[in-house]
Structures are given as structure tokens and as C-alpha cells.
Amino acid sequence: MKSLFRIPGDITLVEMGSGSASKTRLIIEALLRKQPELLFIPVDISASALDSSSRILLQSYPQLRIEAYAADYFAGLAELGKEPRSRTLALFLGSNISNFDPDEALKFMRALRQVLREGDALLLGADLKKDKGMLEAAYNDALGVTAAFNLNVLARINRELGGDFDLRAFQHNAFYNEVLGRVEIYIESLRDQTVGIKQLEMEVQFHKGEQIHTENSYKYDRNDIARLASETGFLHGRTWLDSQERFSSNLLLAV
């Protein structure tokens, strides 16, 4: 990123899906070594997460200014497009791009490119394609973290819509679809059963082994990333990999 930091003038930092912004601190610190102050613009759907992370960051970095947007990605980008900014480094870290199907990823990247000027940059995190067994072990983890997250969908239906799902009668499953390059995540019924959802005035019948498809997580290789960049108005500048080459951080330049 040396060439980016040599651009005259201050850089504005924008982060999509910032959450706690814990991964952002290294970049904030690097930028503050290059310029006297920094405008950080985080965008996240959770107003409470933005409030908490902003308070912590402002306490840690007195030179920081924050303009936060509590919105989904596209609404946040629409707001960002209304205001002129200095040269911008945008962040989309943690492989959040994996949550989009291919068409949605293109739509998001094009919308992001629209709010950037030529010469601005995007640092994009992307989980890489790897061995099927390794991926399935990660998503069917022994500690049950992913399973608890997945089954929480049913718990929320019970809590917010008056459902009567018995969580013990369902299990989490994840499979890597090598053809489509994605981990497919399911909730499987362990028996024949009928579930009521009061607020929707509906009953749903499940057969033993029937699955609810809750989520996909797409994986990338270097060619996928280069193609995503070229089709959305970016030049794939540089890629950094972890020591085991399982995850990538990619610097894309707006052209």
C-alpha cells in the first residue's frame, strides 16, 4: 500500500460492515503515522455496535473523527455518495464478501465503486477455496459455535414470532459445494414434526431429514478476485496471504 500512502493530501477511511472495528485499528494507526488526523466513516446495520466501537476508538485515538452510518450496505453507500471526500481507502474485511451470491457481489462492488473516485482504493478480505474436508470441519466445528449461531434462527422465530420449534429436534449441517465454490449451511429436522408459528398463523410440517437452507458462504481463488475486480471498475493491485494461504487481503484500485 506504499503507493496509496504517497498520494498527496489526507486520506479518508471508510469501512463497510465495521462491527467492533477491532481489525481496523492497525490501518487507523498506519494512517495516523502518515497524516495528523483521520476521518473514519464506518457503516454497519447495528447502531449499538457503531456507538460502542466509536466511543472506544475515540478514546484510543484523539486525532480521529468519526461519521458513522447505521444502515445496510446499499443505503449506507447511497449516503456516502452525497458528500465529497478526500482520497479514500475503503475497507471490506473479514470475508463479508462471502455472504453475497455472485450477482449480489457484483452489484455491491459496483455500488461501492460509484462512491469512489479514480485512484481511491479498496482493501477486500476474501476467504479462499481450500480442501473440502478442511472447510466442512470449520463450519461443523467441534465446539458447536457455528451450530449455535445457525440454530439461533429458530430461537428467534420462537421469541419474536411465537414459534414452537424444539431446538433439540433439529441439527446444524454444513457442506462444501465444490462446483459452486460455496459452503452451504442447513438446519436439519431429526424427526417428522409439525411446527406452529403463531404470529404468521401457519404450521409447517417437516419430515425426518428435511433441511432448511439458511446460508451460503462463497469462497474465492485469485482468479475469482481478479475477475470480480475487473468487472466492477477496479484493478487488482496486490494480494497478501496468511502463512497457510487460507485467507487473502486484496488491494483493489479504482480505475
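Quick note: structure is the one above.
Residues numbered from 1 in each chain as written. Predicted model: local features only at pLDDT ≥ 70, side-chain atom pairs only at ≥ 80, totals over all residues. Heavy atoms only, no water.

Novice: Give a description of the nonpolar core that names residues and reports values.
Specialist: Counting 31 residues, the largest nonpolar core has Ile97, Phe108, Met109 and Leu122 as the members making the most contacts within it. Broken down by secondary-structure element, the contributors of at least two residues to this core are strand 1 (11-16), strand 2 (38-44), helix 4 (73-80), strand 5 (87-92), helix 5 (102-114), strand 6 (121-127), helix 8 (222-230) and strand 13 (247-254). With five residues, the single largest contributor to this core is helix 5. Among all residues touching Phe108, those that are not within four sequence positions of it are Met16, Tyr73, Phe74, Leu77, Phe92, Ile97 and Phe100. Counting 18 residues, the second largest nonpolar core, distinct from the first, contains Leu31, Phe40, Leu89 and Leu93. (Core = buried A, V, L, I, M, F, W, Y, C linked by side-chain atoms within 4.5 Å. Buried < 20%, exposed > 50% of the residue type's maximum accessible area, 1.4 Å probe, protein only. Helix = DSSP H or I, 4+ residues; strand = E, 2+ residues; numbered from the N terminus. Contact = heavy atoms within 4.5 Å.)

Novice: If you had to explain the sheet that holds strand 8 (residues 182-189) to someone new, which residues and values would you point to?
Specialist: Each strand in a sheet pairs with another by means of backbone hydrogen bonds, the pair being arranged parallel or else antiparallel. Strand order in the open sheet formed by three strands is 7-8-11, and the pairing between neighbours is antiparallel. Taken across any chain shown, the strands that pair with only one partner, and hence form the sheet edges, are strand 7 (170-177) and strand 11 (211-218). The sheet shows a mean angle of 20° between the axes of neighbouring strands, taken without regard to direction. Of the strands in this sheet, strand 7, strand 8 and strand 11 are in contact with helix 7 (residues 145-161), which crosses strand 7 at around 120°. (Pairing = 2+ DSSP bridges. Axes fitted to C-alpha atoms, helices over the stretch in contact; angles between N-to-C directions.)

Novice: Give me the environment of Asn173: which residues, what numbers.
Specialist: Checked against the element boundaries, Asn173 lands in strand 7. Residues Asn173 and Glu184, 11 residues apart in the sequence, show an inter-C-alpha distance of 8.4 Å. Not counting chain neighbours up to four residues away, the residues in contact with Asn173 comprise Asn140, Glu184, Ile185, Tyr186, Glu188 and Gln211. Engagement of the side chain of Asn173 in a polar contact is seen with the side chain of Glu188, the distance being 2.4 Å. (Polar contact = N/O pair within 3.5 Å; in protein donor to acceptor, adjacent residues only side chain to side chain.)

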